[in-house]
Amino acid sequence: MAPPPFGRLLTAMVTPFDADGALDLDAAATLATTLVDRDAHDGIVVNGTGGEAPTTSDREKADVVRAVVDAVGDRAHVVAGVGTNDTAHTLELAAAAEKAGAAGLLAVTPYYSRPPQSGLLAHFRTLADATGLPVMLYDIPHRAGTAIASETLLRLAEHPRVVAVKDAKSDLVASAAVMAATDLAYYSGDDALTLPLLSVGAVGVVGTSTHFCGPEVRALIDAAMSGDPAEALRLHRRLLPIFTGIFATQGAILVKAGLELQGRGVGGVRLPLVPATPEQRVALGEALDAAGLASAPAPAAV
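Structure report, in brief. Predicted model, so just to flag it, every value in this text is computed and none were measured.

### Section: the overall build of the protein chain
Part 1 of the reasoning: Across its full length, the protein chain holds twelve helices and eight strands.
Part 2 of the reasoning: Relative to the 2.2 N^0.38 estimate, which gives 19 Å for 302 residues, the radius of gyration of the protein chain is 18 Å and therefore close to what a compact globule would have.
Part 3 of the reasoning: Counting only C-alpha atoms and orienting by the principal axes, one finds that the protein chain spans roughly 50 × 45 × 35 Å.
Part 4 of the reasoning: Every one of the 302 residues in the protein chain was classed for burial, and the buried ones make up 53%.
Part 5 of the reasoning: Pairs at least 24 residues apart make up 69% of the contacts formed inside the protein chain by residues separated by at least 6 positions.
Part 6 of the reasoning: For the protein chain, the computed accessible surface area is about 12,200 Å², with 56% contributed by carbon and sulfur atoms.
Part 7 of the reasoning: Counting 22 positive and 33 negative side-chain charges, the protein chain places the centres of these two groups 2 Å from one another.

In structure tokens form, the structure reads like this:
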């Protein structure tokens, strides 16, 4: 098997803001460095939904890419989210991300517009034709409103720069069929489905809870890939509380709350997101503790 195009363990990183709600590039660099150098990540995805991309400007997006690339260098793949529901705008973001040093692009299904499958095919092909970077498709119908049909994925797999899928469709049979018929590298986009997807051919995860449990998820992936299903299952069950607990509300809200609980705060969220409630913070702390991930402060990498 060819090596995965972006490694096996990636996190869709939150975007830090300062006390005034402005972009905090120093905190972004620190968080990315911690994920890579302390927590065994192969890659960082920036400017995704968890990075609050709907509320960051195009310039801020490019600045985040540049700051994270400068921080982690060639020690990790930096994948930039560029997906919108406007193909022309997506191309502009892709060009800016490539100029800023991204190693790959994450493109979500165009949302709200709910284009037909022929429109999805044209949208993603237009992006792949316009960039020199490898593209990861993001299939998340519960957010975007439209799934990428299996037939569309099969046709997109023919493009040399469409190399991967972040799969949050929760359809293991359909995903397994596409993996069996193509060379697309599948990454779980739902933390709790990482092990099930690995069992049918996925290569890794683009996680959210992995802000807190990167080394443990790395061990889970390694166990699954090396033929130790008992250990992989043990880790999966241990981590289930945080795999599921981090999605009790929008992921960015609880990741930022959890980082604050650990003494690694990266600021608040931008409207229309709102801070975690006291009840949500308590539940998150309990989920971290149940998964064996103490909510006590952890040192950041330097």
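### Brief notes about the pattern of salt bridges
Part 1 of the reasoning: Enumeration according to the criterion identifies ten salt bridges in this entry.
Part 2 of the reasoning: D139 is the salt-bridge partner of K169, the closest N and O atoms lying 2.7 Å from each other. Of the two residues, K169 is situated in the loop between β6 (162-167) and α7 (172-181) and D139 in strand β5 (residues 135-139); the sequence distance between them amounts to 30 residues. Taken as a pair, K169 and D139 share a single burial class, namely buried.

### Points about the packing of aromatic side chains
Part 1 of the reasoning: Tallying each qualifying case throughout the model produces one aromatic pair.
Part 2 of the reasoning: Between F6 and Y187, the ring centres sit 6.5 Å apart and the planes meet at 45 degrees, which makes this aromatic pair tilted. Of this pair, F6 sits in the segment before β1 (9-12) while Y187 sits in strand β7 (residues 185-188), and the two are 181 residues apart along the sequence.
Part 3 of the reasoning: Here F6 falls in the buried class, since its relative accessible area comes to 1%.

### Things to note about the side chain of H41
Part 1 of the reasoning: Relative to the elements of secondary structure, H41 occurs in the loop between α1 (25-38) and β2 (43-46).
Part 2 of the reasoning: The class for H41 is buried, based on a relative accessible area of 3%.
Part 3 of the reasoning: From its side chain, H41 meets the backbone oxygen of L35 in a polar contact 2.9 Å long.
Part 4 of the reasoning: If near-sequence neighbours (up to four positions away) are discounted, H41 is found in contact with L9, L10, T11, L35, V36, A76, T210, G214 and R218.

### Quick notes on the packing of helix α3 (residues 87-100) against helix α4 (residues 117-130)
Part 1 of the reasoning: One can describe the packing of α3 onto α4 by two numbers: an axis separation of 10 Å at closest approach and a directional angle of 30 degrees. For the element pair α3 / α4, the angle class is roughly parallel. When you trace α3 past α4, the crossing you get is right-handed. Taking contact as the criterion, the partners of T87, T90, L91 and A94 in α3 are, on α4, H123, T126, L127 and A130.
Part 2 of the reasoning: Each residue belonging to the contact of α3 with α4 can be placed in one class, and the counts come to four nonpolar, four polar and no charged.

Calculation rules
- Residues numbered from 1 in each chain as written.
- Predicted model: local features only at pLDDT ≥ 70, side-chain atom pairs only at ≥ 80, totals over all residues.
- Heavy atoms only, no water.
- Helix = DSSP H or I, 4+ residues; strand = E, 2+ residues; numbered from the N terminus.
- Rg over C-alpha atoms; globule rule 2.2 N^0.38 Å.
- Buried < 20%, exposed > 50% of the residue type's maximum accessible area, 1.4 Å probe, protein only.
- Contact = heavy atoms within 4.5 Å.
- Areas by Shrake-Rupley, 256 points an atom, 1.4 Å probe, with all protein chains shown as cover.
- Lys, Arg positive; Asp, Glu negative; His and termini not counted.
- Charge placed at Lys NZ, Arg CZ, Asp CG, Glu CD.
- Salt bridge = Lys/Arg side-chain N within 4 Å of Asp/Glu carboxyl O.
- Phe/Tyr/Trp six-rings, centres within 6.5 Å; stacked < 30°, edge-to-face > 60°.
- Polar contact = N/O pair within 3.5 Å; in protein donor to acceptor, adjacent residues only side chain to side chain.
- Axes fitted to C-alpha atoms, helices over the stretch in contact; angles between N-to-C directions.
- Parallel < 35°, antiparallel > 145°, perpendicular 65-115°, else oblique.
- Left-handed = near helix turned anticlockwise from the far one by under 90°.
- Nonpolar A, V, L, I, M, F, W, Y, C, P; charged D, E, K, R; others polar.

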